[in-house]
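Here's the letter readout for the chains.
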Number of protein chains: 2
Amino acid sequence: MYRTHTCGELRIVNTGSEVTLAGWVQRLRNLGGMTFIDLRDRYGITQLVIGDQAPVDLHQTVDQLGREFVIKAKGIVLERSNKNLKIDTGEIEILVSELHILNAAQTPPFTIEDETDGGEELRAVYRYLDLRRNPLKRAIMLRHTMAHEVRNYLSSQQFLEIETPVLIKSTPEGARDFVVPSRMNQGQFYALPQSPQSFKQLLMVAGYDRYFQIVRCFRDEDLRADRQPEFTQIDCEMAFVEREEVLNTFEGLAKHLFKSVLCDYLHHPDHPQFHQPFPRLSYADAKRLYGSDKPDIRFEMKICDLTSLAKGCGFGVFDSADFVGAICAKGAADYTRKQLDDLTEWVKRPQIGAKGLVYARVVPEGVKSSVDKFYTPEALQQWAEETGAQQGDLILMLCGTERTTLEALGALRLEMGNRLGLRKKDHFAPLWVYDFPLLEWDNETQRFYAMHHPFTSPKPQDLSKFYSNKKEDLEQVCANAYDFVLNGVEIGGGSIRIHDSAVQKRMFEVLGFSDSDADYRFGFIINAFKYGAPPHGGIAFGFDRWCAVFGGSESIRDYIAFPKNNSGRDVMLDAPSRIDEVQMKELGIASTTI
Amino acid sequence: MYRTHTCGELRIVNTGSEVTLAGWVQRLRNLGGMTFIDLRDRYGITQLVIGDQAPVDLHQTVDQLGREFVIKAKGIVLERSNKNLKIDTGEIEILVSELHILNAAQTPPFTIEDETDGGEELRAVYRYLDLRRNPLKRAIMLRHTMAHEVRNYLSSQQFLEIETPVLIKSTPEGARDFVVPSRMNQGQFYALPQSPQSFKQLLMVAGYDRYFQIVRCFRDEDLRADRQPEFTQIDCEMAFVEREEVLNTFEGLAKHLFKSVLCDYLHHPDHPQFHQPFPRLSYADAKRLYGSDKPDIRFEMKICDLTSLAKGCGFGVFDSADFVGAICAKGAADYTRKQLDDLTEWVKRPQIGAKGLVYARVVPEGVKSSVDKFYTPEALQQWAEETGAQQGDLILMLCGTERTTLEALGALRLEMGNRLGLRKKDHFAPLWVYDFPLLEWDNETQRFYAMHHPFTSPKPQDLSKFYSNKKEDLEQVCANAYDFVLNGVEIGGGSIRIHDSAVQKRMFEVLGFSDSDADYRFGFIINAFKYGAPPHGGIAFGFDRWCAVFGGSESIRDYIAFPKNNSGRDVMLDAPSRIDEVQMKELGIASTTI
């Protein structure tokens, strides 16, 4: 028996009991012949004391100890004279009578503390040590709790978790597929799924009308920050439903997680937002008001179209622009010249790409702008009225083409949200965005691509446009698709799928596939749809990201026990790596790059 | 709104309500102007009636229907005059007022019935149709319930589910690894995990003292019946534990599944076996008494060593054998000559490999054997006493070397169990087998191999033998390893791991690895163990197989939604398959077999 209790368990009521604990040495302090050891395990820290009266051999054992040694200690629980009320076990300590070293430890390459001295790279190599630190431990435990609550909720709603295969078939469009050479079928390859999309649709055909799966997906793409070649989705699909039922069902899931994870587990205060219907925005409105299809609505600061007010007053920059837009930064009228110059530099960076920034302060004397000389005080006052700016507020204006200006204003809005502290980590603002465009025109190949995937249904009211042969009509067709956005992060996306074979045929036609093309690419699913496909739709959530947003973190990497770096490498394992020639030969492949 | 209720929901209390149902046409019957439709969904079947008074257009719609059409029907719930008490909805029917075809269906290539007319291959191609059949639906739903209850139980016991990576590193011993070429790191490969063994041990080093994961594993081996290239494990590990705590913890899991899945979900009767401590057998006893390391203890029929009684009486076959063993088949004394000849042929098959079968019947006149002339009646009586055979029983004897004879008797025992109906699908007999050999000598390479893996701990009491240089001593070292066996099926296996670096070093030495070899093969985990590894151990259960045993099936394939066939192919997807030259080039690989 290595322990009678964990290091997070003992309290003042246990005083006088003989206990055995096991764990890691977090800290050792020697004070005038007495030694104090902070003993750590997953559950907490308990203080051990080796008194100055302790036998010599006990002191000798203690003298061998170092940080991160694994020990087992037996002793009596005592009330501490010097209580530490910051930790749950801080009212007691263990007067040690026996101590055994279970395993020695080399000095770790960085400190195992909440704030460590180890750099990112070093910590990645020693991930198993980094995982000992509280911030990562909390992230991993949060992830477990999230997954468990997702399963509890969906199971209670009659969803079945059904595992779909990892070794599947590569499709000709699968440029981003990882492939797996087959030893038993040489010259042939499996692919790893980018998502279980086809399988969940097949399950709908098979009659499993409520499916979900917390499932690993794979995408072999050039990685951006915060992307991983393998990631986890909460993948869901329902049959005999329309959009409203899908949104309501998964709003239910989100509310369950707000309650069970944010409130009950993380002890966030309950928020009225969690109980009301979630706000919904069309894609067009999201772009127009927030310059983004995933607006962070923790704060207002909507984009205001000032084009008609700003143009034609002789200010050449505005006069020559298609679009002039503004946001109102509440309470920022006292921004200094330096702060404004800094913001101007910020919007001029290539990532934002604005030519310049016009501002107007609402001060007691009226509205004071950098372009005063072109506008009457009344005109400036109108800007304030239009943007809702009141005394003490700052109006920030950009201009250019409508699309790029809205996007730049969207980015500036987020930046101002950050600078003004409006994007609080412990505030959660859910949002549905719907009515995305169905099709995207690609100038290079002169064809349409499906914005989501070729099985996404057009909205019923847009069907006539969908059958039109005009490019302008087709560009306006809305998909029956929706995204779940939380704090400006796209957490989930889904759609109602096409279940009518005539609509599906038209879709392939619009995408420029011949029948034989379509059959080659999507044969097994087109075939399945001939045998009685029900109406269906679904959604998939990025599980890693949802965990990160709940945990208040920017990075998904902390929420993955063994993540890969930005080059797709596992630096702890040193993977990927070369393999034997023998193994290559057995698989019937050769490397062309050596 | 496609439906107000499911097809399994309506009861006599709903009589008079207007409802809308949606589902698949299971059956259509026309009786004198009235049409009866069995409408099916995941939840059940409800009878629809289209009366002879129904409008013409409704009848016209009905005339278009065929099996597996997807329809939506609105109508009034009526009490049936002709009740079908075999199904839950059998007391009511729906008098249809509106009927819409949601999707047409081609006639399926086999009948969607519990007993279908489709062959295995055909059903595999149309897996999404096969999954509509009740036996598969029950299997998939059982699997969901099992997974959910495993998670509930382990979470309640403070286990954290932690996801480990799928793209990992291939090891030089990884001949059975699937590999994945990396596009971003050309010439290098990831491997898919055969199990998360290293990761769970790293998690123990990281302090996550109770880990589990229901996880996909991959093995590229020549497939036997009932093996899959990808399969699912319940993978578990604990720190600061000895064997007893591991066994008790997972006995708790098994008991929870007996209660929640077998009794509550599948409505099996509760069984005293489920509540008592599970029987335990050492590996040596299992081999000696059952001729197997995974005995089916649903029935007795233990193997009896008759060597000393049977030898030296002039019967040459026994006299020249190392070992003579017997089993007693209760109540089988009336086996006919033909049945015995048939059994003799059965044991002579190459899979069993016995030279012949000797039998002795216990009849009112005494013990009558096929080798009567060599033995006195008293000698034969002793056989009966030794094997516990009573009047009406049949003694079956085999001889040869001890090991092969025990194995053959073990196989014969199972066969007799089958023939006598002693292996009941609804009877569940759990068993722990422990003290497996640590090492296996390989004559070909003249070295020891780890029977489990090189991190399995020897039993503490065998440590002196472990440090011996004699082959005979090393062969006798027991591993601190254990298997969980249910109804003769190995469901789980695990061990206490080595956490002492001196023992680990000795293990590598015994296995003939130099330090640099060991480092190359297991570097990252050996390194991790230097930073404070706690004592730990664990177990992994074959989840597909556990589901199959609970479901009373021989085949795991029914419990996997989209399984592969015996050649590792997914015949529905037609995977694996060739990929583009372009894609190969991008990955930096070429096929050497085209």
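Residues numbered from 1 in each chain as written. Chains lettered and ligands numbered in written order. Predicted model: local features only at pLDDT ≥ 70, side-chain atom pairs only at ≥ 80, totals over all residues. Heavy atoms only, no water.

**Quick look at the overall build of chain A**
Then, number 1: Each helix and strand in chain A was counted, giving 18 helices and 23 strands.
Then, number 2: Along the first, second and third principal axes, the C-alpha set of chain A runs to 90 × 80 × 55 Å.
Then, number 3: Intrachain contacts of chain A at a sequence separation of at least 6 include 66% that bridge at least 24 residues.
Then, number 4: In the structure as shown, chain A presents an accessible area of about 24600 Å², 48% of it carried by carbon and sulfur atoms. (Helix = DSSP H or I, 4+ residues; strand = E, 2+ residues; numbered from the N terminus. Contact = heavy atoms within 4.5 Å. Areas by Shrake-Rupley, 256 points an atom, 1.4 Å probe, with all protein chains shown as cover.)

**Some words on the interface of chain B and chain A**
Then, number 1: Across the contact, 125 residues belong to chain B and 125 residues belong to chain A.
Then, number 2: In total, chain B and chain A occlude about 11200 Å² of area from one another, counting both sides; carbon and sulfur atoms represent 57% of this.
Then, number 3: At the surface where chain B touches chain A, the tally comes to 12 salt bridges.
Then, number 4: In this structure, Arg42 of chain B and Asp209 of chain A form a salt bridge, with 3.1 Å as the shortest nitrogen-oxygen distance.
Then, number 5: Classifying every residue of the side of chain B that touches chain A by side-chain character gives 66 nonpolar, 32 polar and 27 charged.
Then, number 6: By the bridge criterion, three bridges tie strand β23 (residues 589–591) of chain A to strand β23 (residues 589–591) of chain B in an arrangement that is antiparallel. (Buried area = accessible area lost by both parts, 1.4 Å probe. Salt bridge = Lys/Arg side-chain N within 4 Å of Asp/Glu carboxyl O. Nonpolar A, V, L, I, M, F, W, Y, C, P; charged D, E, K, R; others polar. Pairing = 2+ DSSP bridges.)

**What to know about the environment of Thr307 of chain B**
Residue and element names in this part refer to chain B.
Then, number 1: Tracing the backbone through its elements, the reader meets Thr307 in helix α8 (residues 307–310).
Then, number 2: The class for Thr307 is buried, based on a relative accessible area of 13%.
Then, number 3: Between the C-alpha atom of Thr307 and that of Val19, which follows or precedes it by 288 residues, the distance is 75 Å.
Then, number 4: Not counting residues within four places of it along the chain, the set of residues in contact with Thr307 comprises Asp322, Phe323 and Val324.
Then, number 5: For Thr307, the side chain forms a polar contact with the side chain of Asp305, separated by 2.5 Å. (Buried < 20%, exposed > 50% of the residue type's maximum accessible area, 1.4 Å probe, protein only. Polar contact = N/O pair within 3.5 Å; in protein donor to acceptor, adjacent residues only side chain to side chain.)

**Focus: the environment of Gly568 of chain B**
Then, number 1: Assignment of secondary structure puts Gly568 of chain B in the loop between α17 (543–551) and α18 (581–587).
Then, number 2: Separated by 347 residues in the primary sequence, Gly568 of chain B and Glu221 of chain B place their C-alpha atoms 9.3 Å from one another.
Then, number 3: Not counting residues up to four positions away in its chain, the partners in contact with Gly568 of chain B are Met184 and Tyr190 of chain A together with Leu223, Pro229, Ala575 and Pro576 of chain B.

**Here's the deal with the pairing of strand β19 (residues 447–450) of chain B**
Residues and elements named next belong to chain B.
Then, number 1: Here four bridges tie strand β18 (residues 439–442) to β19, and the two strands are oriented antiparallel to one another. Looking across to β19, one finds that Asp442 is bridged to Arg447.
Then, number 2: Counting the residues between successive antiparallel strands, the hairpin from β18 to β19 contains four residues, one of them, Gln446, with a positive phi of roughly 55 degrees.

**Details of the packing of helix α4 (residues 134–156) of chain A against helix α4 (residues 134–156) of chain B**
Then, number 1: Relative to each other, α4 of chain A and α4 of chain B sit at 135 degrees, their axes nearing to 11 Å. Classified by the angle between their axes, α4 of chain A and α4 of chain B sit oblique to one another. For the pair α4 of chain A and α4 of chain B, the sense of crossing is left-handed. Between α4 of chain A and α4 of chain B, the residues in contact are His144, His148, Arg151, Asn152 and Ser155 of chain A and His144, His148, Arg151, Asn152 and Ser155 of chain B, respectively. (Axes fitted to C-alpha atoms, helices over the stretch in contact; angles between N-to-C directions. Parallel < 35°, antiparallel > 145°, perpendicular 65-115°, else oblique. Left-handed = near helix turned anticlockwise from the far one by under 90°.)

**Quick word on the sheet that holds strand β6 (residues 160–161) of chain A**
The strands making up a sheet associate through hydrogen bonds between their backbones, and the pairing can be parallel or antiparallel.
Residues and elements named next belong to chain A.
Then, number 1: Spatial ordering of the open sheet is given by β6-β9-β10-β22-β21-β20-β17-β11, a layout of eight strands whose pairing is mixed. Bordering the open sheet on either side are β6 and β11 (280–282), each of which pairs with just one other strand.
Then, number 2: As defined by bridge partners, β11 adjoins strand β17 (residues 430–434) across three bridges and the pair is classed as parallel. Note on β17: the bridge partner recorded for Leu281 is Val433.
Then, number 3: Here helix α5 (residues 197–205) sits on the sheet in contact with β9 (210–218), β10 (230–239) and β22 (536–542), set at roughly 20 degrees to β10.

**Quick look at the sheet that holds strand β9 (residues 210–218) of chain B**
Residue and element names in this part refer to chain B.
Then, number 1: If you trace the eight strands from one edge of the open sheet to the other, you get β6-β9-β10-β22-β21-β20-β17-β11, paired in mixed fashion. For this open sheet the edge positions go to β6 (160–161) and β11 (280–282), each flanked by a neighbour on one side alone.
Then, number 2: Sheet contacts for helix α5 (residues 197–205): β9, β10 (230–239) and β22 (536–542); angle to β10, the most-contacted strand, approximately 25 degrees.

**Focus: the packing of aromatic side chains**
The description of an aromatic ring pair uses the distance of the two centres, along with the angle that the planes make with each other.
Then, number 1: For the coordinates displayed, the defined rule picks out 58 aromatic pairs over all chains.
Then, number 2: Grouping aromatic residues by their ring pairs yields a cluster made of Phe159, Phe250, Phe258, Phe274, Phe278, Phe428, Trp432, Phe484, Phe541, Trp546 and Phe550 of chain A.
Then, number 3: In this structure, Arg243 of chain B is placed above the aromatic ring of Tyr434 of chain B, and the distance from its NZ or CZ to the ring centre is 4.7 Å.
Then, number 4: The side chain of Arg447 of chain B reaches across the aromatic face of Tyr449 of chain B, ending 3.7 Å from its centre. (Phe/Tyr/Trp six-rings, centres within 6.5 Å; stacked < 30°, edge-to-face > 60°. Lys NZ or Arg CZ within 6 Å of the ring centre and 35° of its normal.)

**Notes on unusual backbone geometry**
Then, number 1: In this model, Ala575 of chain A is joined to Pro576 of chain A through a cis peptide bond whose omega is 0 degrees.
Then, number 2: Relative to the helices and strands, Pro576 of chain A resides in the loop between α17 (543–551) and α18 (581–587).

**Considerations on helix α16 (residues 515–528) of chain A**
For an α-helix, 3.6 residues make a turn, and residues three or four places apart therefore share a direction.
Then, number 1: The terminal C-alpha atoms of α16 of chain A, which comprises 14 residues, lie only 16 Å apart, well short of the 20 Å expected from a rise of 1.5 Å per residue.
Then, number 2: At Phe522 of chain A, α16 of chain A shows its largest bend, some 100 degrees.
Then, number 3: Of the surrounding secondary structure, the elements contacted by the buried residues of α16 of chain A are α5 and α15 (501–510) of chain A together with α3 (127–130) of chain B. (Expected span 1.5 Å × (residues − 1). Bend = angle between axes of the 7 residues up to and from the residue.)

**Thoughts on the relation of the copies chain B and chain A**
Then, number 1: With an RMSD of 0.1 Å, the fit of chain B onto chain A corresponds to turning through 180 degrees and sliding 0.0 Å along the axis. Read as a symmetry element, the transformation amounts to a two-fold axis.
Then, number 2: Most of the interface of chain B is mirrored in chain A: 100% of its interface residues are interface residues there too. (Least-squares fit on C-alpha atoms with pLDDT ≥ 70 in both.)

**So, the pattern of salt bridges**
Then, number 1: Tallied over the full model, the rule gives 90 salt bridges over all chains.
Then, number 2: For Glu230 of chain B, the salt bridge goes to Lys564 of chain B, with nearest N and O atoms at 2.8 Å. Of this pair, Glu230 of chain B sits in strand β10 while Lys564 of chain B is found in the loop between α17 and α18, placing the two residues 334 residues apart along the sequence.
Then, number 3: Judged by its relative accessible area of 7%, Glu230 of chain B is buried.
Then, number 4: We classify Lys564 of chain B as buried; its relative accessible area is 2%.
Then, number 5: The partner of Arg569 of chain B in a salt bridge is Asp574 of chain B, with the nearest N and O atoms 2.9 Å apart.
Then, number 6: A relative accessible area of 16% places Arg569 of chain B in the buried class.
Then, number 7: Each of Arg143, Arg216, Glu230, Asp544 and Lys564 of chain A together with Glu163 of chain B takes part in salt bridges that share partners, so that together they form one network.

**Concerning the side chain of Arg298 of chain B**
Residue and element names in this part refer to chain B.
Then, number 1: Assignment of secondary structure puts Arg298 in the loop between α7 (283–290) and β12 (304–305).
Then, number 2: Reaching out from Arg298, the side chain makes a polar contact with the side chain of Asp296 at a distance of 2.8 Å.
Then, number 3: A polar contact is formed between the side chain of Arg298 and the backbone oxygen of Lys424, at a distance of 2.7 Å.
Then, number 4: Beyond its immediate sequence surroundings of up to four residues, Arg298 is in contact with Leu422, Arg423, Lys424, Lys425, His427, Ala429 and Asn487.

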